[in-house]
Structure formats: structure tokens, C-alpha cells
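Each chain is listed here by its residues.
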Amino acid sequence: MTVLVALPVLLPLAAAGMSLALGRFADFQRIIGLVVLAAIIADAGFLLYLTDRTGPVVLQIGGWAAPAGITLIADRLSALLLVVSAVVTFAVLIYSIGQRLTDYGRERASTTFHPMYLVLCAGVSLAYLAGDLFNLFVAFEIMLSSSYVLITRRTTASRVRAGMTYVIVSLTSSLLFITMIALVYAATATVNLADLGGKVAMLPEGLQVALGLMMVIVFGVKAAMVPLHFWLPDSYPTAPAPVTAVFAGLLTKVGIYALIRTQTLVFSHDRSWTLMLVIALVTMLVGALGALAQNDLNRMLSFLLVSHIGYMLFGLGVYDVIGLTGVILYVVHHITVQATLFLVSGLITRHTGTVALSRMGGLAKAAPMIAVLFALPALSLAGVPPFSGFVAKLALLQAGIGAGTWSAYAVTAGTILTSLLTLYAMARVWTRAFWGQVRAPEADPDPDDELVVGTGNSTRPMVAATGVLVTASVVIALVAGPLAGVSERAADDLMQGTTYREAVLGGAR
């Protein structure tokens, strides 16, 4: 069964090479992408079943035992996130195919999108499965290289500027990351995550704090936590809807995953981590207030993305099983809902020809299906019961109240306030874009770029793909009980750490 751990990385990389080599055949590109991502969904689902029943599944690549060799490991947390991420990337690819068929016709192939999209999927999978810091770094670099290509396709001046900001910040973070790896290796003679747990504890306290803070900064940039978030609202809104959706849904959550994994497995904290709680509160409020100041729909959603990163940091700051359960539930919910909202934004833009809320109106009459597709994830993001956002936030509120510290109480209050601000932001979009008189679509301001807007139509695959993700968010709420059970067991694994270490250091299964 250990080969199943490698498939989510190997399959998309092999498919990317085939797609690039046979790029003149458009239908081949589309079919191979969909087949490979469907296979990853099945593989990830089976891994989740195995890890929940029997424990982590470990692959020691090349037969070299840990900690010297390269380890890929799937446990409850990584398998769960792999399933959700695979479903999102599959739905977004359907949306992208539908969009391209509408805009360019069936016969026109893409020499870059499909290969780079599959490489991005491989990077995300590797980040979840990597058992050491260096291969986690490699995963981030795979995601960076492919995402830069995706964000600058059919380049315009504004997108080059946004891409430059994204790449410069990401490269700076990567330099810090590789420096941090070098320091960790110099201090412990290992980069294996399971092995680091014991060796870091023997280091002087000051060195432990320094290395821990470096990891917070490195992964904080990737996760867009305040004050390291400034790059995100300028980078994401310029890309086409499918690219923005997969970026918003997955890339920041990979940063959160890396932060959770390292801060629980490698380091130890008090029951309540005050620094992280303060960062969480500031991230929530700065992102929410920034969203309220936006007239651009995509920039508003980007600021809300930053704001809701604070919820995940909140659960990590509480630092107990309940808090980490809330984090896992919130990550699962947010991957799905945030990707959905950016896909809906793409549908809105195609009908209106603009991202400016002040120039929209009447979509509830002109496109009632889009109104439904927006309303459900918007209510979920705001935490309105009985949607998935409410289930995840309820777990975080329980963790905050149970922590019994003033800092946790303050963040709990901030969580409620941020939910109200999010609801207000969603209501502004509804009243400006969906109510009022129907407006004629505006002309496409730049017909030569990748974004085709103002067409007033959307294909069935685009709407269906968005509907799949809306349905997924509803299903998350319906299966909240079993999902919470898996999340709680994964959180307990994180807090204990022994199962992970024994699986890696005890030999391949």
C-alpha cells in the first residue's frame, strides 16, 4: 500500500510531461488532466480510509530508512487535506475547460495551462506528504514556479507587476526557508520532521525560540498572515478566475498546514500560545476591515481570505485538541468555500464585464443561478448556521472559551466580530451586484488578455463545476459529525506526535 503515497505526486508530474509533449492535441490535454485528478481523488480517499483505520502510511523512497532517506507519509491530517484539495482542483479544471471552450473553441490547445496546472497539483500533494523540511521546501518551489507561469499567462502590464510582487515575496520567503533549514541541520544534524521532534527539545531554549520564530515567519508569508499578507491582495485578483480560485483555496492553506505540522511535531508550546493568538486577532480584523474598504470584488474576496487565515491561527494559538480540531475543520471548509467564491466571481465578471461593485446590478434577475451559487458559500463564509462555516467556527469558539485565558477570550470575541463584518461584506456584494436594475454588460477592456469578460454568458461546465463545490460545502455541513470525529483524531495525533514518529522512525509499513 505504500506506493499509494507516491501517486498524488508522481501521477500529475508524469501527466504534465505528456500534456506538454502532446500539447497540440487539445482534447488529449483535457482528458488526461481530468483522468489524473480523478485518480488522485480515489487514491486520497483510500489513503484517508487506511490512515483512519490503521494509522500513518509511510514510504521510504529508495529503501533508505529514516532519518537519512526521503520519507513520504500520509496520516489522517494530510490524507484529509489531500482529498479536499483534489476535489477542488478537479472542479476548477472542469471550470477552466468550460471557460476555454467558450472563449477559444474546442480545437485550440493550451501549451502552458494544463502542464503547469498539473505541476501545481503535484506540488500541493508533495507539501502534504513530505516527511522532511527539505522536501517541504521543494514542494513550495514547485508551487511557486508553476503558479508564476499561471499568473502571468497572456501577460499584461498589470499582471506583470502583480506577478513580480508575488515572485519577489515568494523568493524572499524561500531564501529564509532554506536558511532556516541550514540552521536546523547545523544544530540537529537532521531535517526529518519525526527526528527533529526529539532533537530540537535538547537545544538551548533561546535557539529553540529563534528557530520556531523563523518557521512562523517563513510559513506566515506563505499563509498570508498579517503583517506578512501585503502581497496577496495585489497578486491574486489579476489572474483568471480558475487560477485565482485554486490559489486562494489551496496555496495559503498549504502554508497553514506547514505551520501546524512544524509547530506541533517539532516544537512544544504552553496550552495557550499568546503570540499566535495576538497574530490571529490582528489578522482577522485587518483583513475584514480591508475587505470593507474595497470596491473591487476580487480584492474584497482576497482581503476576506486574509481575514479568515486568522481563524486557523486562532485554533493553533489555543494549542489543544479542541483548538486543532477547529483548525482542521476550518481548513476543510475554507478550501472549498473560498475557491467557490472566486469561481462565482468569474461568472459575475463574465456577465457584468467589470469587477467594480458600484457598476454592477440586477444579477438576481439576469442570472438567478449565479445568485444561488454566490449566496450559499457567502453565508457559509460568514458562519451562518447550518452551513459548514458555522460548524467550524463553533469548534473554534468552544476551544477559545475552554482555554480559560484572557487572550483566548479576546480572540473569541474577535472571531464573532469578524464573522459579523464578513456577513456585512457579503451583504454589500449582494445589494450592489444582485439587487437593483439590470445593467448591460460592459465591453471587455482588454480583449487580448486571458480574461474574457462582459460576454453575458457562461457555459454549463463552468456553472456545473461551481455547483459541485457549492454542493461539497453543503455536504461538509451534512457530514459534520463524522468529519469532526476524523478531525479530532487527527488533532489528537498532532498533539501526541508519537504515532507519526513511530511510523517514520520505526520503518516503512
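Procedures and definitions
Residues numbered from 1 in each chain as written. Predicted model: local features only at pLDDT ≥ 70, side-chain atom pairs only at ≥ 80, totals over all residues. Heavy atoms only, no water. UniProt positions renumbered as here; feature names shortened; annotations may be inferred. Helix = DSSP H or I, 4+ residues; strand = E, 2+ residues; numbered from the N terminus. Buried < 20%, exposed > 50% of the residue type's maximum accessible area, 1.4 Å probe, protein only. Contact = heavy atoms within 4.5 Å. Areas by Shrake-Rupley, 256 points an atom, 1.4 Å probe, with all protein chains shown as cover. Lys, Arg positive; Asp, Glu negative; His and termini not counted. Charge placed at Lys NZ, Arg CZ, Asp CG, Glu CD. Axes fitted to C-alpha atoms, helices over the stretch in contact; angles between N-to-C directions. Parallel < 35°, antiparallel > 145°, perpendicular 65-115°, else oblique. Left-handed = near helix turned anticlockwise from the far one by under 90°. Nonpolar A, V, L, I, M, F, W, Y, C, P; charged D, E, K, R; others polar. Pairing = 2+ DSSP bridges.

Named according to an unreviewed UniProt entry, the protein is Na+/H+ antiporter subunit D originating from Saccharopolyspora gregorii. Recorded in UniProt for the protein, the comment headed Sequence similarities (unreviewed entry) runs: "Belongs to the CPA3 antiporters (TC 2.A.63) subunit D family."

Counting its regular elements, the protein contains 20 helices and two strands. On the principal axes, the C-alpha backbone points of the protein span a range of 65 × 55 × 40 Å. Within the protein, the proportion of its 509 residues that are buried is 61%. Residue pairs at least 24 apart in sequence account for 81% of intrachain contacts in the protein once pairs closer than 6 positions are excluded. By element, 69% of the accessible surface of the protein is carried by carbon and sulfur atoms, the whole surface being about 18200 Å². For the protein, the separation between the mean place of its 28 positive charges and that of its 24 negative charges on side chains is 7 Å.

This part is about the packing of helix H5 (residues 133-151) against helix H10 (residues 241-265). For the pair H5 and H10, interaxial distance at closest approach is 12 Å and the crossing angle is 165°. With respect to their mutual orientation, H5 and H10 come out roughly antiparallel. Here H5 and H10 pass one another in a crossing that is left-handed. Within the contact between the two elements, H5 uses Leu133, Leu136, Phe140, Met143, Ser147, Leu150 and Ile151 and H10 uses Val243, Phe247, Leu251, Val254, Gly255, Ala258 and Thr262. Classifying every residue of the contact of H5 with H10 by side-chain character gives eleven nonpolar, three polar and no charged.

With that settled, the discussion passes to the side chain of Ser125. When you line up the elements, Ser125 lands in helix H4 (residues 113-129). Residue classification places Ser125 among the buried residues on the basis of a relative accessible area of 4%. Beyond its immediate stretch of four places on either side in the chain, Ser125 contacts Pro8, Val9 and Leu82.

Turning our attention to the pairing of strand E2 (residues 70-74). Of all five residues making up E2, four are buried, and the element is well covered by its neighbours. Sheet analysis places strand E1 (residues 57-61) next to E2, joined by five bridges and oriented antiparallel. The residue of E2 that forms the bridge with Val57 is Ala74.

Across the interface, helix H15 (residues 368-382) lies against helix H18 (residues 460-478) with an axial gap of 10 Å and an inter-helix angle of 25°. Between H15 and H18, the angle falls in the class roughly parallel. The crossing of H15 and H18 is left-handed. Contacts between H15 and H18 involve Met369, Leu373, Leu376 and Pro377 from the first element and Val463, Thr466, Gly467 and Val470 from the second. Residue composition of the contact of H15 with H18, grouped by class: six nonpolar, two polar and no charged.

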